[in-house]
Amino acid sequence: EGLASLLRPISDIQVAGIATDADAALRLAEECRPDVVLMDVMMPGRSAFDAARSIRDRLSTTNIVFLADSAFDVQFREALRIGAKGYLLKQTEFAELEKGIRSVAAGETFFGAEIYNQFPELIDGATVKQLDDVDPMATLTPRELEVLLYLVRGMSIKEIAKQMRRSKS
């Protein structure tokens, strides 16, 4: 609602609707057939990425822009795999959001400045095929692999911290 109320006064941007979960977003997109869908990465219910994939499959001219609280590598990679045309952090300045919507509506891609700074290797010339060929395990540090191993064993964050303090000394 807050974002919609900021966008409504802009003459060349029309808010077609507001969805409270991923399934509602898919239904609304099919009904309204918008040029751009702004989608929260953390929508309730079904995965926002699944809904975005369905929107892309059913509405080839609708472009997706994801809004996220933070720039997690896995989420950003998934957004690129799906074919999202934009990815912005929620704390992005409104002027940048407005520019992003217009850019994506015009058929361009648009990633917020924070995203460009954090993932230049993914944005500069990366293709979906290249992303699929990357082994995510190969990018983890030995310490990250250790944490992952503890998580797989079912340890809590507290237990992992305790174990890692022991292994560090």
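Higher on the page you've got the structure.
Here we summarise the structure given alongside this text. (Residues numbered from 1 in each chain as written. Predicted model: local features only at pLDDT ≥ 70, side-chain atom pairs only at ≥ 80, totals over all residues. Heavy atoms only, no water.)

1. Some words on the layout of surface pockets
A volume near 900 Å³ is recorded for the largest pocket. As for the largest pocket, its lining consists of 32 residues, of which Val-15, Gly-17, Val-36, Val-37 and Leu-38 are closest to the centre. Only helix 1 (2-7), helix 2 (22-32), strand 1 (36-40) and helix 5 (94-105) provide two or more residues apiece to the lining of the largest pocket. Top contributing element to the lining of the largest pocket by residue count: strand 1, with 5 residues. (1 Å grid on protein atoms, 1.4 Å probe; cavity = no way out; pocket = protein on both sides within 12 Å on 5 of 7 lines; lining within 4 Å. Points joined across faces, edges and corners; volume = space filled by probe spheres on them. Helix = DSSP H or I, 4+ residues; strand = E, 2+ residues; numbered from the N terminus.)

2. Considering helix 4 (residues 73-82)
Those residues of helix 4 that fall on the buried side of the exposure criterion are Gln-75, Phe-76, Arg-77, Ala-79, Leu-80 and Ile-82. Looking at the residues trailing helix 4, positive phi occurs at Gly-83, about 100°. (Buried < 20%, exposed > 50% of the residue type's maximum accessible area, 1.4 Å probe, protein only.)

3. A short note on unusual backbone geometry
Positive phi outside glycine occurs at Arg-33, with the angle close to 50°. Mapped onto the elements of the fold, Arg-33 is located in the loop between helix 2 and strand 1. For Arg-33, a relative accessible area of 54% gives the class exposed.

4. Here we look at the pairing of strand 2 (residues 63-68)
Extensive coverage of strand 2 is indicated by the burial of 6 of its 6 residues. Here strand 2 shows no split at all, with Asn-63, Val-65 and Leu-67 on one side and Ile-64, Phe-66 and Ala-68 on the other all buried. As judged from the 5 bridges shared by strand 1 and strand 2, these two strands associate in the parallel manner. Paired with Asp-40 across the bridge in strand 2 is Leu-67. Handedness of the crossover joining strand 1 and strand 2 through helix 3 (residues 48-58): right-handed. Sheet topology places strand 2 next to strand 3 (residues 86-89); 4 bridges connect them, and they run parallel. Each residue of the ladder has a partner; that of Val-65, found in strand 3, is Gly-86. (Pairing = 2+ DSSP bridges. Right-handed = clockwise from strand over helix to strand, strands pointing away.)

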